[in-house]
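# Summary of the model geometry
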Amino acid sequence: MNSIPTPITRNSKSILNAAVIVAALGYFVDIYDLLLFGIVRTDSLKDLGITGDAIRNQGEYLISMQMFGMLFGGILWGVLGDKKGRISVLFGSILLYSVANIANGMVTTVDGYAFWRLVAGIGLAGELGAGITLVAESLPKDKRGYGTMIVASVGVSGAVAAYLVYQIFQDWRFCYYAGGGLGILLLFLRISIAESGMFKQVQQSDEKKGDFFSLFTNSKRFTKYIQCILIGIPLWFLVGVLITFSPEFAKALGVQQAETIAAGKAIAFCYTGLVFGDIASGLLSQWLKSRKKIMGLFLIFNLIMVFVYLNAYGISAATFYLLCFTMGFSVGYWVLFVTIAAEQFGTNIRATVTTTVPNFVRGSLPLIILIYSFFRDSFFDGDILKSGMIVGSLLSIVSLLALRKMKETFHTDLDYTENNNENFI
């Protein structure tokens, strides 16, 4: 058995400790930048001289570069988080995407834009995983759900902030500068924040840390890892397809004044709902002392809302936006999703898992769009509504089956490693 040093005693700590505050603010800026591109995409490309169908094509190119950066960054930051520490990754990622944000506001060509979306994607990949891991390891097990709830709910409100900043200033370059400035300010205002005690213990042991490939060399570990990814897939289908392409869905539904439906506004309403959903799911999980039960309820509610949304014929524009809000609420299980991932694995690989899982979910969007397009073009003769219902149903079923096989982690003590499954507190 690997030698594990005697652990330190963990006392009850305030939910609003330094780790929670810094992680929440960092994730706020993270989401601000992640969703900002979708909000300013059209105007920024027009300003760079792109017109017509090229706006859509170049937009797909840019977002693909961002997603590639996030996939690569997820692995990079995750491994570093287990090898070098959660704090180093937390602040390193904030610094990188803040610099990239400012640089995005200075671009003059599409290729330059693509390069800095790639860099931004790498930076954006690290903050959430490092923050959630640090918070989960810094709070007692009966309080960590509250801590991760605060991080997620404050963080996703960054999407609303991005929309409001753009609506107020109507300058896409200023929006990027603002995001970069917020990140730099957060670094200057950094609070004295202590590294995770669990990480320090493992650092003193001979455990192998941050071994990404170990997730694929053990069947049980691999199964857990894939399950963690699958339970988050429906959320990104809703945000990445149903909400992002809301103007097209509004037209197909015959929404009154469908031409006024704006994707940026739909995203803002969706993420406002997601904030409330994260709070609700986090509180319910704490009160019922279960991650799985609440996760399952939200997955079912999400599926119901997909069908309501895709059958809302002839509604008013105001009601359509209200549906976007409710849709966002229905996927307010993001806080549970990342918490479950953190709780499923040992300390020596926890940051790797918690960082890569949400980024692989985000990175699944091109595959989701490919499946959606296949059903739309091959089975339903371009009917986006039927295609959306089929894909939404399939993804929800897969997620519910994956969740059913996962263990309940609410009461799990996290002081263990993958090679020493006996808790050592």
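Residues numbered from 1 in each chain as written. Predicted model: local features only at pLDDT ≥ 70, side-chain atom pairs only at ≥ 80, totals over all residues. Heavy atoms only, no water.

Per an unreviewed UniProt entry, the protein chain goes by MFS transporter and derives from Flavobacterium taihuense.

### Overview of the overall build of the protein chain
Applicable threshold: Helix and strand assignments follow DSSP, with helices taken as H or I runs no shorter than four residues and strands as E runs no shorter than two, numbered in order from the N terminus. Burial classification: accessible surface area is computed with a 1.4 Å probe over protein chains only, and a residue below 20% of its type maximum counts as buried, one above 50% as exposed, and the rest as partly exposed. In this description, contact between two residues means that some pair of their heavy atoms is separated by no more than 4.5 Å.
Helix and strand content of the protein chain: 17 helices and zero strands. Its C-alpha atoms give the protein chain principal-axis dimensions of about 65 × 45 × 35 Å. Every one of the 425 residues in the protein chain was classed for burial, and the buried ones make up 59%. Long-range pairs, those at least 24 residues apart, make up 84% of the contacts in the protein chain between residues at least 6 apart in sequence.

### Some words on unusual backbone geometry
Note: most residues except glycine have negative phi, and most peptide bonds are trans. Even without being a glycine, Gln170 presents a positive backbone phi close to 50°. Note on placement: Gln170 falls in the loop between helix 5 (144-169) and helix 6 (172-188). Of note, the phi angle at Gln257 is positive, near 55°, even though the residue is not glycine. Looking at the secondary structure, you find Gln257 in the loop between helix 10 (246-253) and helix 11 (263-288). For Gln257, a relative accessible area of 53% translates into the label exposed.

### Focus: the packing of helix 2 (residues 53-83) against helix 15 (residues 350-363)
Note the threshold: Every angle, taken between N-to-C directions, lies between 0 and 180 degrees, and every axis is a line fitted to C-alpha atoms, over only the stretch in contact when it is a helix. Roughly parallel means an angle under 35 degrees; roughly antiparallel means over 145; roughly perpendicular covers 65 to 115; every other angle is labelled oblique. The nonpolar class holds Ala, Val, Leu, Ile, Met, Phe, Trp, Tyr, Cys and Pro. Asp, Glu, Lys and Arg form the charged class, and all remaining residues, Gly among them, are polar.
Two numbers describe how helix 2 lies on helix 15: the axes approach to 7 Å, and their chain directions differ by 170°. When the axis of helix 2 is compared with that of helix 15, the two are roughly antiparallel. Residues Met67, Met70, Leu71, Gly74, Ile75, Trp77, Gly78, Val79, Gly81 and Asp82 of helix 2 pack against Arg350, Ala351, Thr352, Thr355, Thr356, Asn359, Phe360, Arg362 and Gly363 of helix 15. For the contact of helix 2 with helix 15, a count of residues per class yields eight nonpolar, eight polar and three charged.

### Examining the environment of Tyr177
Within the secondary structure, Tyr177 sits in helix 6. When the C-alpha positions of Tyr177 and Val99 are compared, they lie 9.3 Å apart, and in sequence the two are 78 residues distant. Filtering out sequence-adjacent residues up to four positions away, Tyr177 remains in contact with Ile102, Gly105 and Met106.

### Side note on the state of the cysteines
Here is the rule we go by: We call a pair of cysteine sulfur atoms a disulfide whenever their separation is within 2.5 Å.
Here the structure, examined in full by the defined rule, presents zero disulfides. Looking at Cys270, it has no disulfide partner, and the nearest cysteine sulfur is the one in Cys324, 7.0 Å off. Residue classification places Cys270 among the buried positions, given a relative accessible area of 0%.

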